[in-house]
Amino acid sequence: MSEKNKWNHTKSPIIWRELLDRGGKGMLLGSYNEFLEHAQLYYGVTSSMTSKLMLTVAQENLEAQLEQELEKETLNELITPLQVWITSASAPACYSLIPLLASGEVFGTDTEISLSLLDTKQEACLEAVLMHSQDLAAPLLRSIAVCRQVEQAFLQAHVVIVLDDSYDKEVFGIEECTRSKVLLCRLYGYLIEKNAHPSVRVLVEGKSFVNLKAALLMRYAPSLARNIIAVAMGVEGHARGLLARKMKTTAPAIKDVIIWGNIGGNNYVDLRKAKVFEYKSAICGPPHYYRPILNLIFDNEWINKEFVATLKSLSDTGKQLGSTLVAHSIATTLRYWYHGSPPGEIVSVGVQSKGQFGIPQGLVFSMPVKFENGSWVVLTELEDVEISEEIMARMKNDIIQDILMSSKMKKKIKFYHTTLKSTPWNSR
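Residues numbered from 1 in each chain as written. Predicted model: local features only at pLDDT ≥ 70, side-chain atom pairs only at ≥ 80, totals over all residues. Heavy atoms only, no water.

**Notes on the overall build of the protein**
Part 1 of the reasoning: Of regular secondary structure, the protein possesses 12 helices and 14 strands.
Part 2 of the reasoning: Counting only residues that meet the buried cut, the protein has 44% of its 428 residues in that class.
Part 3 of the reasoning: Within the protein, counting contacts between residues at least 6 apart in sequence, those at least 24 apart form 68% of the total.
Part 4 of the reasoning: Surface accessibility of the protein: about 23,300 Å² in total, with carbon and sulfur atoms responsible for 55%. (Helix = DSSP H or I, 4+ residues; strand = E, 2+ residues; numbered from the N terminus. Buried < 20%, exposed > 50% of the residue type's maximum accessible area, 1.4 Å probe, protein only. Contact = heavy atoms within 4.5 Å. Areas by Shrake-Rupley, 256 points an atom, 1.4 Å probe, with all protein chains shown as cover.)

Spelled out as structure tokens, the structure:
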């Protein structure tokens, strides 16, 4: 290309569109005269516009494009993203949870979210979570940030997800673990009450003390008590998996397994309403046809012994919830909370009792609910779900023991701080 043509090419008032069918991708025309010649040759179109007028048109087009982009940015700024906070965000479950939250399946394909990650202990792990989340390049993830100043936690939060903190009762012992829960939930409850959006929804998930953590948050964020729930879907998912393997079917085909009591402790897996859909047997029906689980498992010894013992051993060791199951449980519960649970389906959630099913008022107890219109409703109209006094007493006592232990830890913490302030060496 000559120097003159190079100058014409770079100074051309307009660059013609790529002609994929007229010379291949990337074909650019040079000067204004060449453009007119090309247009007349291929399209029979010519123009008497001068170069000066063409430059004016080009400038107007550029200004119009800039105005459109500015208007689009302004509209995006007017759309307030959903503020989602995750505590103990260095936990393995957070890796699996963030892609689900950002996929559009939980809050909706038109809802953008801003994620805030909170963890006061594992900063290095938190940076890794942040980097991997940014690499997702999820269109609905407006922003993601790490919160390092605890007093700013949960600012205008619409959703707060409380994951297990770094303390583990197997490592630190039950007393130390309980003390950490009291301290952390007291702080989180105060900050949620102070900083979060009035409509905030708080989900508590974990391997142990799930009901206790929810109860502590309710105590320290009393105006938001109804907006705080404990996720029981992880225990339910594990029970459905055991049943599916026994029946040689899939876990999603099994519905309405009810989890009663203490989610991370002494609970009761109720199969009296459980049903299976599309089960391969001599009796078949359309997709909505189902059969009761207890009518298909004839091995009562397996149900009463092996099934119960397996769930109990996993609950006692705190190993029943892998990170993928925790993430799926949270995401599914959130989706139901925002968009409603499937019609007729029973969901188990830990909520504050109002005396339903003979459960003492005020206890955080897992029970059957349904989600509708952005809220949850306890299914008190269910028939034949009465629980024996022995089982109910065992579950109530387990929850009450956790509460009593937390109260003891609370008194010890208060005594410690009072003593610390009054010691002579502290005032020096």
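Following the structure, the description resumes.
**Quick look at the packing of aromatic side chains**
Part 1 of the reasoning: Using the criterion set out here, one finds 7 aromatic pairs in the structure.
Part 2 of the reasoning: On the numbers, 5.2 Å between centres and 90 degrees between planes, the contact of F107 with Y338 is edge-to-face. Taken together, the positions of F107 in the loop between helix 4 (92–101) and strand 2 (113–118) and Y338 in helix 11 (residues 323–339) put the pair 231 residues apart, joining distant regions of the chain.
Part 3 of the reasoning: Seen in terms of ring centroids, W260 and F357 are 5.0 Å apart; in terms of plane orientation they differ by 85 degrees. Their pairing is edge-to-face. Placement of W260 in strand 8 (residues 258–261) and of F357 in the loop between strand 12 (347–352) and strand 13 (364–372) is noted, with a sequence separation of 97 residues between them.
Part 4 of the reasoning: Here the aromatic cluster, defined as three or more aromatic residues joined through ring pairs, consists of W85, F154 and Y188. (Phe/Tyr/Trp six-rings, centres within 6.5 Å; stacked < 30°, edge-to-face > 60°.)

**Topic: the packing of helix 4 against helix 11**
Part 1 of the reasoning: Look at helix 4 against helix 11: their axes get within 8 Å of each other, and the N-to-C directions meet at 40 degrees. You can see that helix 4 and helix 11 cross each other, and the crossing is right-handed. Taken together, the residues of helix 11 that come into contact with helix 4 (itself represented by P92, A93, S96, L97, L100 and L101) are S323, T324, V326, A327, H328, I330, A331 and L334. (Axes fitted to C-alpha atoms, helices over the stretch in contact; angles between N-to-C directions. Left-handed = near helix turned anticlockwise from the far one by under 90°.)

**Focus: the pattern of salt bridges**
Note on pairing: side chains with opposite charge can pair once their charged atoms come close.
Part 1 of the reasoning: As enumerated under the stated definition, the model contains 9 salt bridges in all.
Part 2 of the reasoning: Among the salt bridges present, the one from R142 reaches E112, with a minimum N-O distance of 2.5 Å. Linking R142 in strand 3 (residues 141–147) with E112 in the loop between helix 4 and strand 2, this pair joins segments that are 30 residues apart in sequence.
Part 3 of the reasoning: For E301, the salt bridge identified is with K305, shortest N-O distance 3.9 Å. Separated by 4 residues within a single helix, E301 and K305 lie in helix 10 (residues 300–317), roughly one turn from each other.
Part 4 of the reasoning: Owing to a relative accessible area of 54%, E301 belongs among the exposed residues under this scheme. (Salt bridge = Lys/Arg side-chain N within 4 Å of Asp/Glu carboxyl O.)

**Considering helix 7 (residues 174–195)**
Part 1 of the reasoning: Spanning 22 residues, helix 7 covers 31 Å between terminal C-alpha atoms, matching the ideal 32 Å at 1.5 Å per step.
Part 2 of the reasoning: Residues of helix 7 that are buried: C177, T178, S180, K181, V182, L184, C185, Y188, G189, L191, I192 and N195. (Expected span 1.5 Å × (residues − 1).)

**Quick word on the sheet that holds strand 7 (residues 254–255)**
Part 1 of the reasoning: Taken in spatial order, the 3 strands make up an open sheet running 7-10-11, and their pairing is antiparallel. On the outer flanks of this sheet lie strand 7 and strand 11 (290–292), each paired with one strand and no other.
Part 2 of the reasoning: Where strand 10 (residues 275–277) lies against strand 11, 3 bridges are found, and the strand directions are antiparallel. From the neighbouring strand, V276 faces strand 11, where its bridge partner is R291. (Pairing = 2+ DSSP bridges.)

**Regarding the nonpolar core**
Part 1 of the reasoning: Counting residues in hydrophobic clusters, the biggest one holds 59 residues, and the most contacted among them are I86, L101 and I161.
Part 2 of the reasoning: Sort the elements by how many residues they give to this core and helix 11 lands first, with 7 residues.
Part 3 of the reasoning: When residues no more than four places from it in sequence are discounted, the contact partners of I161 are V84, W85, I86, T87, L97, L101, L203, I330 and L334.
Part 4 of the reasoning: Residues A214, A232, I303 and L311 belong to the second largest nonpolar core, which totals 56 residues. (Core = buried A, V, L, I, M, F, W, Y, C linked by side-chain atoms within 4.5 Å.)

Keep in mind that these numbers describe shape and distance, not what the molecule does.
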